[in-house]
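If you want the building blocks of each chain, they are given just below.
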Amino acid sequence: MEGELRKLIKSYELLITILMVVALPVYGMIYLYQSSGEQNWNLPDLPDFVEELLWGAGIGLLVSQFLLFRKRIKGSQQAPDFILKMQAFSRAVKERYFLLFLVSMLSALGLLFFGSAIFNLIFAVALLFFSLGKPSPLRIQKLLKISDEEKELVELASRP
């Protein structure tokens, strides 16, 4: 059981790391490009409704990832077995971080084409969820309402 638990935890930790390692430099390069004001990539002018669509989608996905994660956690609490709870939790975490990655890419696109500060704010909130929402054994215990013994299993499995 510990081996399967370790595999679950390592898989979502690796996914979180990869998504963050991709999202941060992409957004950072676009942010630096926008703030330098010296380079010109001759990007096409997009209609204004595309900007509104991008920031609306970004905000909508931020809200959606939060609500979907909470819904998935409530569903996983009903699982009869600890490993089933952790499998459902792992799926919920992966779904959440894919949505956050999508939000960060939409923010980068919006900033690249429109240069609006709203995309900085959307990215900052996504980054906040990226860092503060990262699962820890204590957080898993509180979210899944597991026992202290199961929390210790999670702590053991999450060690390098």
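Residues numbered from 1 in each chain as written. Predicted model: local features only at pLDDT ≥ 70, side-chain atom pairs only at ≥ 80, totals over all residues. Heavy atoms only, no water.

### Overview of the overall build of the chain
At step 1: Looking only at helices and strands, the chain has six helices and zero strands in total.
At step 2: Of the regular secondary structure in the chain, the N- to C-terminal order runs α-α-α-α-α-α.
At step 3: Taking the principal axes of its C-alpha atoms as reference, the chain extends roughly 60 × 30 × 20 Å.
At step 4: A buried classification covers 41% of the 160 residues belonging to the chain.
At step 5: Long-range contacts, defined as pairs at least 24 residues apart, comprise 81% of the intrachain contacts of the chain with a sequence gap of at least 6.
At step 6: Taken as a whole, the chain presents about 9,100 Å² of accessible surface, with 64% of it coming from carbon and sulfur.
At step 7: Of the charged side chains in the chain, 17 are positive and 15 negative; the average position of the first set lies 8 Å away from that of the second. (Helix = DSSP H or I, 4+ residues; strand = E, 2+ residues; numbered from the N terminus. Buried < 20%, exposed > 50% of the residue type's maximum accessible area, 1.4 Å probe, protein only. Contact = heavy atoms within 4.5 Å. Areas by Shrake-Rupley, 256 points an atom, 1.4 Å probe, with all protein chains shown as cover. Lys, Arg positive; Asp, Glu negative; His and termini not counted. Charge placed at Lys NZ, Arg CZ, Asp CG, Glu CD.)

### Remarks on the nonpolar core
At step 1: Counting 44 residues, the largest nonpolar core has Leu-5, Met-86, Phe-89, Ile-140 and Val-154 as its most contacted members.
At step 2: Where this core is concerned, the elements lending two or more residues are α1 (2–36), α2 (48–77), α3 (82–114), α4 (117–132), α5 (137–144) and α6 (148–158).
At step 3: By residue number, the principal contributor to this core is α3, which donates 16 residues.
At step 4: In this view, Leu-5 contacts Phe-82, Ile-83, Met-86, Leu-153, Val-154 and Ala-157; residues no more than four positions away in its chain are not counted. (Core = buried A, V, L, I, M, F, W, Y, C linked by side-chain atoms within 4.5 Å.)

### Section: unusual backbone geometry
At step 1: Of note in the backbone geometry, Lys-145 takes a positive phi value of approximately 55° without being a glycine.
At step 2: Tracing the backbone shows Lys-145 in the loop between α5 and α6.
At step 3: For Lys-145, a relative accessible area of 62% corresponds to the exposed category.

### Let's talk about the packing of α1 against α6
At step 1: Remark: α1 packs on α6, axes separated minimally by 8 Å, with the N-to-C direction vectors making an angle of 65°. Note that α1 runs across α6; the crossing there is right-handed. Side by side, α1 and α6 meet where Glu-2, Leu-5, Arg-6, Ile-9, Lys-10 and Glu-13 of the first sit next to Leu-153, Val-154, Leu-156, Ala-157 and Ser-158 of the second.
At step 2: Residues of the contact of α1 with α6, tallied by class, amount to six nonpolar, one polar and four charged. (Axes fitted to C-alpha atoms, helices over the stretch in contact; angles between N-to-C directions. Left-handed = near helix turned anticlockwise from the far one by under 90°. Nonpolar A, V, L, I, M, F, W, Y, C, P; charged D, E, K, R; others polar.)

### Some details on the pattern of salt bridges
At step 1: For the coordinates displayed, the defined rule picks out three salt bridges.
At step 2: Residues Lys-151 and Glu-155 are paired through a salt bridge, measuring 3.2 Å at the closest nitrogen-oxygen approach. Residue Lys-151 and its partner Glu-155 are located together in helix α6, separated by four residues, close to a single helical turn.
At step 3: On the accessibility criterion, Glu-155 (27% relative accessible area) is partly exposed. (Salt bridge = Lys/Arg side-chain N within 4 Å of Asp/Glu carboxyl O.)

### Overview of the side chain of Ser-107
At step 1: Along the chain, the position of Ser-107 falls in helix α3.
At step 2: When sequence neighbours within four positions are dropped, the list of residues in contact with Ser-107 reads Tyr-27, Phe-119, Ile-122 and Phe-123.

### Remarks on the packing of aromatic side chains
What describes a pair of aromatic rings is the distance from one ring centre to the other and the angle between the planes of the rings.
At step 1: Per the stated rule, a full pass over the model turns up five aromatic pairs.
At step 2: On the basis of an interplanar angle of 50° and a centroid distance of 6.2 Å, the ring pair of Phe-66 and Phe-129 is categorised as tilted. A residue pair is termed long-range when its members are at least 10 positions apart, and Phe-66 in helix α2 and Phe-129 in helix α4 qualify at 63 residues.
At step 3: Looking at Phe-129, the relative accessible area reads 22%, which means it is partly exposed.
At step 4: Here Tyr-97 and Phe-130 contribute two aromatic rings whose centre-to-centre distance is 5.4 Å and whose plane-to-plane angle is 55°, an arrangement assigned as tilted. With a gap of 33 residues between them, Tyr-97 in helix α3 and Phe-130 in helix α4 connect regions that are remote in the sequence.
At step 5: Following the ring pairs from residue to residue traces out a cluster consisting of Tyr-12, Phe-69 and Phe-89.
At step 6: The ring of Phe-69 carries Arg-96 above its face, with NZ or CZ at 4.2 Å from the centroid. (Phe/Tyr/Trp six-rings, centres within 6.5 Å; stacked < 30°, edge-to-face > 60°. Lys NZ or Arg CZ within 6 Å of the ring centre and 35° of its normal.)

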